[in-house]
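Given next are the chains, with one letter for each unit.
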Amino acid sequence: MTGGIGRPTVAVWKFASCDGCQLSLLSAEDELLTIAGEIEIAYFLEATREVKEGPYDISLVEGSITTPDDAERIRQVRDISTTLITIGACATAGGIQALRNFGDVEAFRSLVYARPEYVDTLADSTAIAEHVPVDLELRGCPIETSQLVEVINAILAGRKPVTPTHSVCVECKLRGNLCVAVAHGTPCLGPVTQAGCNARCPAFDRGCYGCFGPAESPNTPSLAAWLEEELALEHPDLVRLFRSFNADAPAFRRESRRHEPEEVAT
Amino acid sequence: MGAPAAQPKTRPVVLSEDGLARLLARLHHEGYEVIGPTVRDHAIVHGPLSEVDDLPRGWGDEQTPGHYRLVQREDDAYFGFAVGPSSAKRTLFPPRQPLWTAESRDDANFAIIEAERPERRLAFFGLRPCEVAAIAVQDRVLLHGIVEDEVYAANRADVLLVAVECGAPAATCFCRSMSTGPGMESGADLILTELLDGDHRFLVRAGTTTGEDLLEQLEHDEATEEDLDARKEVLASAAARLERRLDTTDIHGLLMGNLDHPRWDAIAERCLACANCTLVCPTCFCTTVEDRTDLAGTEATRERRWDSCFSLEFTHTGPASVRNSTRARYRQWLTHKLATWIDQFDTSGCVGCGRCITWCPVGIDLTEEVDMIRRTSEDNVAPWPMVPSPLQEG
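Keep in mind that what you see is a predicted model, and the values were worked out from it rather than measured.

*Asks:* Residues and numbers for the domain arrangement of chain B, please.
*Replies:* Residue and element names in this part refer to chain B. As far as domains go, chain B holds domain 1 (13-97 + 115-241) and domain 2 (251-274 + 310-347 + 364-393). Computed from C-alpha atoms alone, the centre-to-centre distance between domain 1 and domain 2 is 31 Å. Listed by partner, the interface residues are seven residues for domain 1 and eight residues for domain 2. Taken together, the two surfaces of domain 1 and domain 2 that pack against each other cover about 690 Å², and 80% of this comes from carbon and sulfur. For domain 1, the biggest contributors to the area lost against domain 2 are Arg 140, Val 141 and Phe 174; these three give 56% of the whole. The tally of links between domain 1 and domain 2 comes to one salt bridge. Its salt-bridge partner being Asp 346, residue Arg 140 comes within 3.2 Å of it at the nearest N-O pair. Tallied by class, the residues present in the side of domain 1 that touches domain 2 amount to four nonpolar, two polar and one charged.

Spelled out as structure tokens, the structure:
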């Protein structure tokens, strides 16, 4: 970490992603000017064409690895970064595009593109940590702006960031949300999903859909069994529930696989 | 509660429905911020009460393990429900509590500014006997323990308790096993019993001289024998519906003598370690602190927030979490709640309210788990010694 060294240089990198997580930094409206004063934005194409040469103190990496070129590029980013922080579900778990990991990429390519041979892609969409060492992962689809600001704050102060890995349920209870699972019978991934969003969806009467990925000790088989027995979810429902933005996060991947029809399961 | 209040002399009285409204108005008039049950988001939770219409009149609840539904009652009962997910803990021992801020004054110095603790008069209106019992447990832990908790003490300083005996226990309740309900004789300033036979009315007994003074200012009737009989009927009927049991016979020896019981593994298969049970529990008091700094590096704040023995970070010491399995964490919670709490505080940590059963997202039921351990316990287990409480020694 760069605590105490003054004004760290920061680079923001994009891999396979929608740019939403990078935008979260620009969305930090109240803090943005202060942040810009405390850190030196050295490489952030979404915000400015001005580029300063590396190496960089901090690299924020958005997106997953889906092409051979990107698999090489992330290694270069790692080489020129003191601290590498991945931001968002794509970078930490492969993102929604990791749905390809459950299908046949060759079939997609030949069906979707007129000239499939122009498309150079990997079979899987994978998390950054599967390619290079990562110092800190920020979850979410997209990340929570306040968590990113907290991490920048912590780096500047040379302290550990407050980014708990417990369940979303803890945030619901702290906030005083009513439990939509128990009181409304709404399927909710909160008990197996990592906190960080301040329980946004349950606060609006919606079940958690797991965009922050698996919590620290996710007992997905038990939750899935309850959803099946008590809330009458069927196997295809369970596959869809666990297979979204964090489809390839190991705990969610295993759980969705468990509910696939047997002849397709691998 | 602090020092035992002088015993009131007032005989039971009866308030009409209007009398209930006047009691609430009286509390507001005396400057109390009144908190009590109210309907929000299809559940009965604690919230501010401005008038009796804020009470869940005509509403009841249906509770089973992992299941809660608000249901319309066939009568106009104001208190025809069991406890909801919130408790007095949320107000007296808040989920998030700023402790202090450090502000830098110049390069070398900083000032510590204690968080403000606003003075207020609080009245809880409509607490169940089990909820009053839970406050007594938190008092034991946070006021009369080894260290007095300043935040709790400040919040607890001027609190009035208006309890309502329970006529509508849920299927998850087991207060009789913990001797905390459905009726109560003392522990609150006023103890009400809602009577729905004949005229809708409330039998009221003063539990303290404060309660007695309040009653004297309200128009009321002396209670008749019929009123007293009606109360007995309410409690007998509630007791008859309280089917769930927790056998507490030598529960300390039972649990501490079965630390390696295979049942803990079976529970861990189901437990989500999501922490809901501890957060809805009206007596669980574990917290952590979070330190934050501002971007300019001139201000740091420390905030206390509810934590749980179910989180990994809770026992993170050195390189890892000491209780790194869900089995270890559930066992810690249950043995503390029902057994080692007695070592520490001379009381069980459980009041039998059943919140942990209802609000567990997969319906884990501690009464069933204790029963399973009891029924399959080997007789020759070595009993865990009772640890002398530092409170007793002091």
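*Asks:* Which residues make up the packing of aromatic side chains, and what are the values?
*Replies:* One pass over the structure, following the stated rule, counts 15 aromatic pairs over all chains. Measuring from ring centre to ring centre gives 6.4 Å for B:Trp264 and B:Tyr330, while their planes differ by 50°; the resulting arrangement is tilted. Residue B:Trp264 is found in helix α9 (residues 263-270), and its partner B:Tyr330 is found in helix α11 (residues 326-345); the two are separated by 66 residues along the sequence. Each of the two residues, B:Trp264 as well as B:Tyr330, counts as buried. Joined through ring pairs, the aromatic side chains of B:Tyr78, B:Phe79, B:Phe81 and B:Phe202 make up one cluster. The lysine or arginine in question, A:Arg73, covers the ring of A:Phe15, its NZ or CZ lying 3.9 Å from the ring centre. Over the aromatic face of B:Tyr32 sits the side chain of B:Arg121, whose NZ or CZ is 4.3 Å from the ring centroid.

*Asks:* A description of the pattern of salt bridges should follow, citing residues and the corresponding values.
*Replies:* Once the charged atoms of two side chains with opposite charge are near each other, the side chains can pair. Residue and element names in this part refer to chain B. Counting across every chain of the model gives 50 salt bridges over all chains. Between Arg 244 and Asp 365 there is a salt bridge, with its nearest N and O atoms 2.2 Å apart. Residue Arg 244 is found in the loop between α7 (225-241) and α8 (251-256), and its partner Asp 365 is found in the loop between α12 (355-358) and α13 (366-376); the two are separated by 121 residues along the sequence. The same class applies to Arg 244 and to Asp 365, which are both buried.

*Asks:* Could you give an account of the nonpolar core, with specific residues and numbers?
*Replies:* If you look at the biggest cluster of nonpolar residues, it comprises 126 residues, and the most contacted ones within it are B:Phe125, B:Tyr330 and B:Trp333. The element contributing the most residues to this core is helix α3 (residues 129-142) of chain B, with eight residues. Setting aside anything within four residues of it in sequence, one finds B:Phe125 in contact with B:Leu20, B:Leu23, B:Leu24, B:Leu27, B:Val34, B:Ile35, B:Gly36, B:Pro37, B:Leu49, B:Leu55, B:Phe79 and B:Val162. Counting 22 residues, the second largest nonpolar core, distinct from the first, contains A:Cys21, A:Leu136, A:Ile143 and A:Val149.

*Asks:* Give a description of the layout of surface pockets that names residues and reports values.
*Replies:* If you add up the space inside the largest pocket, you get close to 690 Å³. What lines the largest pocket is a set of 27 residues, among which A:Lys160, A:Pro161, A:Thr163, A:Pro164 and B:Glu313 lie closest to the centre. Broken down by secondary-structure element, the contributors of at least two residues to the lining of the largest pocket are β5 (136-138) of chain A together with β13 (287-293) of chain B. No other element matches β13(B), which puts four residues into the lining of the largest pocket. Taken together, the residues that form the lining of the largest pocket break down as eight nonpolar, nine polar and 10 charged.

*Asks:* Could you give me a rundown of empty space enclosed by the protein, with the residues and numbers involved?
*Replies:* Residues and elements named next belong to chain B. Scanning the model with the defined rule gives nine cavities of 30 Å³ or more in all. Here the largest cavity defines a volume of roughly 130 Å³. Around the largest cavity, the lining comprises 15 residues; the ones closest to its centre are Cys 271, Cys 277, Tyr 330, Cys 360 and Ile 364. For the lining of the largest cavity, the secondary structure elements donating two or more residues are α10 (276-280) and α11. Its residues placed into classes, the lining of the largest cavity shows 14 nonpolar, one polar and no charged.

*Asks:* Just give me the short version of unusual backbone geometry, but keep the residues and values in it.
*Replies:* Between A:Cys141 and A:Pro142 the backbone carries a cis peptide bond, its omega angle lying at 0°. The omega torsion across B:Gly181 and B:Pro182 is 5°, close enough to zero to call that bond cis. A positive phi angle, close to 60°, is found at A:Ala232, a residue other than glycine. Tracing the backbone shows A:Ala232 in the loop between α10 (220-229) and α11 (235-242). Overall, the relative accessible area of 58% leaves A:Ala232 in the exposed class.

Cut-offs applied
Residues numbered from 1 in each chain as written. Chains lettered and ligands numbered in written order. Predicted model: local features only at pLDDT ≥ 70, side-chain atom pairs only at ≥ 80, totals over all residues. Heavy atoms only, no water. Domains from an automatic or database assignment. Contact = heavy atoms within 4.5 Å. Buried area = accessible area lost by both parts, 1.4 Å probe. Salt bridge = Lys/Arg side-chain N within 4 Å of Asp/Glu carboxyl O. Nonpolar A, V, L, I, M, F, W, Y, C, P; charged D, E, K, R; others polar. Phe/Tyr/Trp six-rings, centres within 6.5 Å; stacked < 30°, edge-to-face > 60°. Helix = DSSP H or I, 4+ residues; strand = E, 2+ residues; numbered from the N terminus. Buried < 20%, exposed > 50% of the residue type's maximum accessible area, 1.4 Å probe, protein only. Lys NZ or Arg CZ within 6 Å of the ring centre and 35° of its normal. Core = buried A, V, L, I, M, F, W, Y, C linked by side-chain atoms within 4.5 Å. 1 Å grid on protein atoms, 1.4 Å probe; cavity = no way out; pocket = protein on both sides within 12 Å on 5 of 7 lines; lining within 4 Å. Points joined across faces, edges and corners; volume = space filled by probe spheres on them.

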